[in-house]
Amino acid sequence: LESCELFRGLTEGVVLVKSNTAMNQTGLVVNHLQSAYQVQPNDFLVIRDDVNLELGHIRLRRVSGNSYTAIHKGLLSVSDALRTFQFPSLRIGIGAPTMPMEQYVLSPFEPAELSIINDAVSRTAIATEDYLAHGIEHAMDKFNGVYTKP
């Protein structure tokens with residue numbers, strides 16, 4: 001799988017995958033993973049950024065739904081590969097764009113934003129572990145609440 005980086009040994013039976021493709025080609029990685037590991041759509045947890053979520057907030061969803069895919073090309077690519085919108089996702093808020101969208105999502109965070117985004121990444125890791133141990137409903141109940149900035 002040259003189009004991604006695989007990280008194993010975190011939890012038995014779990015593979016963390018970082019796509020090396022362009023966002024709108026993430027589905028290519030999903031196709032490879034389905035072939036290599038014989039996984040179903042609900043076996044994936046797609047983690048992505050979201051400009052419609054305040055910086056530092058995280059949200060888990062049971063079904064990614066087509067309302068998100070209209071604006072997020074990565075999710076559209078994944079849903080095309082899986083042939084469904086029925087897969088869980090976790091969104092990390094990066095806040096509203098302050099410049100043209102493509103430039104904004106590819107820009108590094110400002111120094112004042114780094115502690116907020118680092119905290120969000122830590123909570124994302126904990127939420128992912130909770131999802132793996134207890135399922136999407138439990139993780140949603142625990143992590144989709146109000147967020148207090150560090």
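A brief structural summary. (Residues numbered from 1 in each chain as written. Predicted model: local features only at pLDDT ≥ 70, side-chain atom pairs only at ≥ 80, totals over all residues. Heavy atoms only, no water.)

Attention now goes to the overall build of the chain. If you tally the helices and strands in the chain, you get 6 helices and 5 strands. Going from N to C terminus, the chain has its helices and strands arranged as β-β-α-β-β-α-α-β-α-α-α. The burial tally for the chain puts 40% of its 150 residues in the buried class. For the chain, the proportion of contacts with a sequence separation of at least 24, taken over those separated by at least 6, is 67%. For the chain, the exposed surface amounts to about 9100 Å²; the carbon and sulfur share of it is 54%. (Helix = DSSP H or I, 4+ residues; strand = E, 2+ residues; numbered from the N terminus. Buried < 20%, exposed > 50% of the residue type's maximum accessible area, 1.4 Å probe, protein only. Contact = heavy atoms within 4.5 Å. Areas by Shrake-Rupley, 256 points an atom, 1.4 Å probe, with all protein chains shown as cover.)

Our next topic: the sheet that holds strand S4 (residues 58-61). Here 3 strands make up an open sheet; going across it, the order is S3-S5-S4 and the pairing mixed. A single partner strand is all that each edge strand has here, and the edge strands are strand S3 (46-50) and S4. Between one strand and the next, the sheet's axes are offset by a mean angle of 20°, whatever the strand orientation. In this sheet, strand S5 (residues 89-93) lies alongside S4 in antiparallel orientation, the contact comprising 4 bridges. If you follow Leu60 over to S5, its bridge partner there is Leu90. (Pairing = 2+ DSSP bridges. Axes fitted to C-alpha atoms, helices over the stretch in contact; angles between N-to-C directions.)

We now examine the nonpolar core. Counting residues in each nonpolar core, the largest one holds 19 residues, and the members touching the most others are Ile58, Leu60, Leu90, Ile92, Ile117 and Ala127. Contacts of Leu60, omitting those with residues within four sequence positions, involve Leu45, Ser89, Leu90, Ala127, Ile136, Ala139, Met140, Phe143 and Asn144. (Core = buried A, V, L, I, M, F, W, Y, C linked by side-chain atoms within 4.5 Å.)

Here the focus is the environment of Met140. Note on placement: Met140 falls in helix H6 (residues 136-143). Judged by relative accessible area, Met140 falls into the buried class, the value being 15%. In this structure the C-alpha to C-alpha distance between Met140 and Leu90, which are 50 residues apart in sequence, comes to 9.4 Å. Here Met140 is in contact with Leu60, Arg61 and Arg62, once residues within four sequence places are set aside.

Let us now look at helix H1 (residues 26-37). In this model H1 runs 17 Å from its N-terminal to its C-terminal C-alpha over 12 residues, within 8% of the 16 Å that 1.5 Å per residue would give. Immediately downstream of H1, the backbone of Gln38 shows phi near 55°, a positive value. (Expected span 1.5 Å × (residues − 1).)

A contiguous nonpolar patch, built from Met101, Val105 and Leu106 and spanning about 290 Å² of accessible area, is present on the exposed surface. For Val105, the location among the structural elements is in helix H4 (residues 101-106). (Patch = residues over 30% accessible without salt bridge, like charges linked within 9 Å, V, L, I, M, F, W, Y side chains within 5 Å. Salt bridge = Lys/Arg side-chain N within 4 Å of Asp/Glu carboxyl O.)

Take unusual backbone geometry next. Of note, the phi angle at Gln38 is positive, near 55°, even though the residue is not glycine. Residue position: Gln38 is located in the loop between H1 and S3. Of note in the backbone geometry, Arg83 takes a positive phi value of approximately 60° without being a glycine. Looking at the element boundaries, Arg83 is found in the loop between helix H3 (73-82) and S5. For Arg83, a relative accessible area of 76% gives the class exposed.

Another aspect to go through is H6. Buried residues of H6: Ile136, Ala139, Met140 and Phe143, and no others. Looking straight down H6, one finds its buried side chains confined to an arc of 100°; they lie on one side. The exposed residues of H6 that point more than 90 degrees off its buried face are Asp141 and Lys142. On its buried side, H6 packs onto S4 and helix H5 (111-134). (Arc of directions from axis to C-beta.)

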